[in-house]
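Observations on chain architecture
Read off the chains here:
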Amino acid sequence: MSAQAAVHDMSSAQTVLAPRAGTAERGRAGPGKGRWDRNKWRRNKGALPLLAPAIVLTAALIIFPIAYAIVLSVTNWQPSGTLGSFAGLSHYAHMLAHDPLFWDSLRITLILYICCLVAQTLLGLALGYLLSLDVPGRSIFQALILVPSIIASVAVGLMWLLIYDPTIGVADWITGGLGLGRPAWLGDPHTVVWAFVLLDTWEWTPFMALIFAAGIRSLPREPLEAARTDGAGPWQTAWRVGLPLLRPIIVIAVLLRSVDLIRFFDTIYVMTQGGPVNSSTTLNIYGYRIGFTDLNMSYAATLQIALLILVIVIAGGITWLRRRSQVE
Amino acid sequence: MRPRIIAGYTAVLLTTASLAACGAGAGGAGTAAGGAKTVNAVLENQPFTRALTPYIPEFEKQTGITVNVQTYSEQQSRQKILVTLQSHSPAMDVFMSLPSLEGKEYAKAGYYQPLDSYVSNPKLTPASYQFSGFSKPLLDSERIGGHLIGIPINVEGPVIFYRTDLFRQYGISVPRTLSQLLADAKIIKAKSGGKIYPIAGRGLDSALPYTFGPFFHNEGLQWLSSSGQPNFDKPGAVQAISTYATLVGKYGPPGVVNNSFTQSSALFAQGKAAMELDSTNEISSITAPGSSQVLGKIGVFNIPAGPGGSHPTVLNWGLSMSRYAAHKKEAWEFIKWATSPQMQLKLALKGIASPRIAVSKNPKYQATLNTPLRKQWQQVLNVIIATGNPQVGPPAVNEPEVRKVIGDAVDQVMLGEESAAKAAAQIQQGLRPLVGTGGGA
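Residue numbers restart at each chain and count upward from 1, following the sequence in its written direction. Here every chain gets a letter starting at A, and every ligand a number starting at 1, in the order they are written. With the structure being a predicted model, the display of local features is reserved for residues of pLDDT at least 70 and the display and counting of side-chain atom pairs for 80 or more, all residues being used for whole-chain, interface and lining totals.

A run of DSSP states H or I qualifies as a helix once it reaches four residues; a run of E qualifies as a strand once it reaches two. Both are numbered from the N-terminal end. Of the regular secondary structure elements, chain A holds 16 helices and 0 strands. Residues are called buried when their C-beta atom has 20 or more other C-beta atoms within 10 Å, exposed when it has 12 or fewer, and partly exposed otherwise; all C-beta atoms are positioned from the backbone. The buried share of chain A, taken over its 328 residues, is 32%. For chain A, the proportion of contacts with a sequence separation of at least 24, taken over those separated by at least 6, is 70%. We call two residues in contact when the distance between their C-beta atoms, placed using the backbone, is within 7 Å.

In structure tokens form, the structure reads like this:
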């Protein structure tokens with residue numbers, strides 16, 4: 001048996017023999033799961049008063065705002081505060097068929113989402129691995145690299161405004177020194193999105209790295225050692241054993257960043273307000289502008305419902321993949 | 001079990017309700033402790049507010065009214081004011097408003113408390129207030145739909161500050177026409193070897209129309225034709241866009257499409273730009289002791305004439321009263337005091353250009369015009385007050401969108417992505433539904 005095959009078998013065996021807590025149980029759930037169970041309800045109805053505060057808070061903070069946004073999106077809201085006439089689905093039709101800026105902002109949102117997520121996941125894995133090593137001063141380094149993620153986003157935006165400043169910024173000084181020219185980072189529609197990818201990657205990679213480092217440290221040692229005993233090299237061990245074991249952690253980290261990235265807002269608002277010429281206008285920035293600058297709350301609500309659907313689709317997709325991989 | 005749970009919830013509800021009641025009593029409706037009279041104002045952090053604030057204790061002593069001032073930067077104050085008005089909250093009595101921007105929109109929504117009845121009532125407004133002493137165009141800008149929606153607090157307009165030493169060094173004089181202005185910028189760029197930006201100006205889409213306006217009007221055009229349609233289909237509009245985009249884009253700093261007054265004034269004060277195209281207000285920023293490196297080397301002139309003459313833009317902020325204010329009488333007392341002849345003079349002595357004509361002629365104020373820059377500044381301001389066009393952009397209910405349409409198109413020319421002709425066509429098409437019948441929604 002080749003070392004590679006041994007590694008493959010080992011990882012499969014580990015997955016089958018030692019499933020994560022709760023996964024196999026969920027997979028084996030019998031018929032009737034999720035159905036109304038009168039006896040169960042009778043047994044637990046005493047818990048209802050205890051759940052009431054959570055139910056009331058959820059309704060007030062989540063269900064009501066979403067319901068109100070839906071109501072706004074099907075009416076013609078007036079700045080005087082009245083809901084105005086019923087508009088049906090006309091705002092949605094306008095958004096989908098007659099608003100090129102909606103599609104542009106969706107495209108920019110997705111570009112930022114995909115590029116940031118890929119960069120932060122890959123760099124986070126590499127950095128997380130380094131953080132998981134037992135070296136002197138690890139805890140100090142671990143605390144220091146978290147600094148970008150704990151600075152308020154508005155402060156990060158103001159700081160990077162100076163870094164990207166075309167006259168005094170260090171970014172141009174570096175690219176100029178490297179012979180790469182002096183781009184007007186935030187002033188050029190072709191570079192502004194990449195400038196935000198760089199900023200966001202700097203800000204949030206440490207967060208991903210910390211999650212991955214904790215995940216790597218909690219991995220069982222036996223499969224890794226068994227793979228090495230069978231002759232697998234470091235890369236094969238990491239790729240064939242470590243990564244599959246780490247997959248649930250990666251999925252959780254990706255899910256957390258996804259929800260945050262899709263509603264990209266604060267740094268863009270501080271730095272470019274969506275410009276130049278809408279080239280950094282994400283769906284969230286666009287919705288904000290329509291609502292709070294143009295005072296068109298109905299159309300802003302329509303855009304935010306579209307954003308909500310996007311978040312649900314992406315988060316749902318990732319959750320589905322996670323469950324599927326756990327069942328397998 | 002059940003009685004205990006019910007009793008527990010009742011206790012929690014009663015405690016919450018009593019706490020809420022205490023909260024309402026303490027700060028509800030903005031009444032100060034002890035039942036004293038109060039006025040709540042939301043102001044923008046700008047020179048007027050900074051100059052006025054130290055005098056507020058005097059007002060409180062004179063009237064017995066406690067003033068609660070909340071000050072925010074431009075975007076934040078705009079948002080705070082809007083949300084407070086949208087929620088019909090009585091928590092804000094007085095707010096700063098820019099009639100040329102949000103005036104029509106707020107008036108349509110019914111957010112402003114009309115001030116006509118306050119001004120015309122001698123018991124509320126004595127003759128000593130000298131209401132007729134305000135500049136008429138500025139007062140007119142505060143009238144929307146026949147109602148007085150605010151009282152002017154300052155006056156400003158776009159001008160060009162310049163470095164007198166650099167103009168001398170490069171052998172150029174103050175331009176008389178827009179063509180000469182472009183020629184001067186070209187000379188500065190060539191002779192400075194690219195070390196000095198010829199001009200710093202506004203490229204940020206929403207901020208650009210304020211300084212672009214005179215370039216458009218100086219081509220002999222009004223924003224709208226006599227039939228109420230945009231005038232961007234005229235040849236002069238293409239020329240105006242081309243001139244502005246060349247001047248600010250080609251001869252401005254890199255990344256200028258994101259710049260507004262903050263960046264322009266910083267560049268000029270640091271000595272990195274030979275000219276700054278921005279508001280008369282910026283004199284305080286570029287002459288601030290300690291941060292300005294160009295003190296004593298600054299001059300100022302009105303935006304030069306074009307083929308259609310010279311037509312500056314005039315702009316003013318106002319103090320308005322919320323329709324939902326809980327303390328309207330006290331709010332009017334505060335507005336009246338802040339805009340009185342006496343207070344306007346005090347503010348003018350601190351560098352706030354007054355909307356009251358008599359203030360600029362006051363000997364005390366004249367004595368402050370003791371440098372060449374201050375004298376020139378007053379001269380250009382007089383021209384703006386006398387001949388300025390109060391429309392910063394084509395008037396519409398959705399004025400922010402109107403300005404964005406213009407700003408985006410001109411920015412595309414600056415970025416070299418569109419020709420001036422295509423940008424003009426784009427603006428014409430974009431503005432039609434916004435300025436058409438009644439300004440759209």
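Within the secondary structure, Arg-107 of chain A sits in helix α6 (residues 100-132). Along the primary structure Arg-107 of chain A and Thr-282 of chain A are separated by 175 residues, whereas in three dimensions their C-alpha atoms are 8.1 Å apart.

Between chain B and chain A, the residue contacts involve 28 residues of the former and 20 residues of the latter. Of all elements in the fold, only α1 (2-27), α4 (74-86), α5 (99-109) and α19 (399-414) of chain B reach the threshold of two or more residues within the side of chain B that touches chain A. Among the elements that make up the side of chain B that touches chain A, the one with the highest residue count is α19 of chain B (5 residues). Of the residues that constitute the side of chain B that touches chain A, the class distribution is 13 nonpolar, 8 polar and 7 charged. When residue character is reported, Ala, Val, Leu, Ile, Met, Phe, Trp, Tyr, Cys and Pro are called nonpolar, Asp, Glu, Lys and Arg charged, and the others, Gly included, polar.

Before going further, it helps to examine the nonpolar core. The biggest cluster of nonpolar side chains holds 118 residues, and the ones touching the most others in it are Ile-199, Ile-241, Phe-334 and Val-410 of chain B. Here this core gets 8 residues from one element, more than from any other, and that element is helix α11 (residues 235-250) of chain B. There are two domains that each give this core at least three residues, and those are domain 1 (26-155 + 316-366) and domain 2 (158-314 + 388-435) of chain B. In contact with Ile-199 of chain B, other than residues within four places in its own chain, are Ala-185, Leu-247, Val-248, Tyr-251, Gly-252, Ala-273, Ala-274, Met-275 and Leu-277 of chain B. Residues Trp-160, Trp-204, Leu-245 and Tyr-288 of chain A belong to the second largest nonpolar core, which totals 54 residues. Here, a nonpolar core denotes buried Ala, Val, Leu, Ile, Met, Phe, Trp, Tyr and Cys residues that are linked to one another through C-beta atoms within 7 Å. Residue ranges labeled as domains rest on an automatic or database domain assignment.

What follows deals with the domain arrangement of chain B. Residues and elements named next belong to chain B. For chain B, the domain assignment lists domain 1 (26-155 + 316-366) and domain 2 (158-314 + 388-435). When each unit is reduced to the centre of its C-alpha atoms, the spacing between domain 1 and domain 2 is 30 Å. At the interface, 12 residues of domain 1 touch 15 residues of domain 2. Residue contributions to the side of domain 1 that touches domain 2 peak at 6 residues, all from α5. Partitioned by chemical class, the residues of the side of domain 1 that touches domain 2 number 5 nonpolar, 3 polar and 4 charged.

Glancing now at the pairing of strand β1 (residues 37-44) of chain B. All names here are of chain B. Burial analysis of β1 places 6 of its 8 residues in the buried class, the great majority of the element. Here β1 runs beside strand β2 (residues 65-72); their pairing, made up of 8 bridges, is parallel. Looking across to β2, one finds that Asn-40 is bridged to Asn-68. For two strands to pair, DSSP has to find at least two bridges joining them. Sheet topology places β1 next to strand β3 (residues 94-97); 2 bridges connect them, and they run parallel. Within the sheet, the bridge partner assigned to Ala-41 lies in β3 and is Val-94.

With that out of the way, let us pick up the sheet that holds strand β10 (residues 318-321) of chain B. Residues and elements named next belong to chain B. Overall, mixed pairing links the 5 strands, which are arranged β2-β1-β3-β10-β6 in an open sheet. In the strand order of this sheet, the two ends are held by β2 and β6 (151-152), each with one partner. Here 4 bridges tie β3 to β10, and the two strands are oriented antiparallel to one another. Counted as the bridge partner of Val-94 is Met-321 from β10. With respect to the sheet, α4 is in contact with β1, β2 and β3, its orientation differing from that of β1 by roughly 135 degrees. To obtain each axis, a line is fitted to C-alpha atoms, and for helices this fit is confined to the stretch in contact; angles are then taken between N-to-C directions over 0 to 180 degrees.

Between Gly-275 of chain A and the following residue, Pro-276 of chain A, the backbone shows a cis peptide bond with an omega angle of -5 degrees. Its place among the elements puts Pro-276 of chain A in the loop between α14 (266-271) and α15 (283-293). Despite not being glycine, Asn-278 of chain A shows a phi value in the positive range, around 65 degrees. Note on placement: Asn-278 of chain A falls in the loop between α14 and α15. For Asn-278 of chain A, a count of 21 C-beta atoms within 10 Å puts it in the buried group. In this model, His-88 of chain B sits at a positive phi of 55 degrees, which is unusual for a non-glycine residue.

All names here are of chain A. Interaxial distance between α6 and helix α13 (residues 234-262) falls to 10 Å at its minimum, and their mutual angle equals 150 degrees. Both α6 and α13 take part in a crossing whose hand is right-handed. Taking contact as the criterion, the partners of Thr-109, Leu-112, Tyr-113, Cys-116, Leu-117, Gln-120 and Thr-121 in α6 are, on α13, Ile-250, Val-254, Arg-257, Ser-258, Leu-261 and Ile-262. When the residues that make up the contact of α6 with α13 are grouped by side-chain class, the tally is 8 nonpolar, 4 polar and 1 charged. Should the near helix be turned counterclockwise from the far one by less than a right angle, the crossing is left-handed, whereas a clockwise turn marks it as right-handed.

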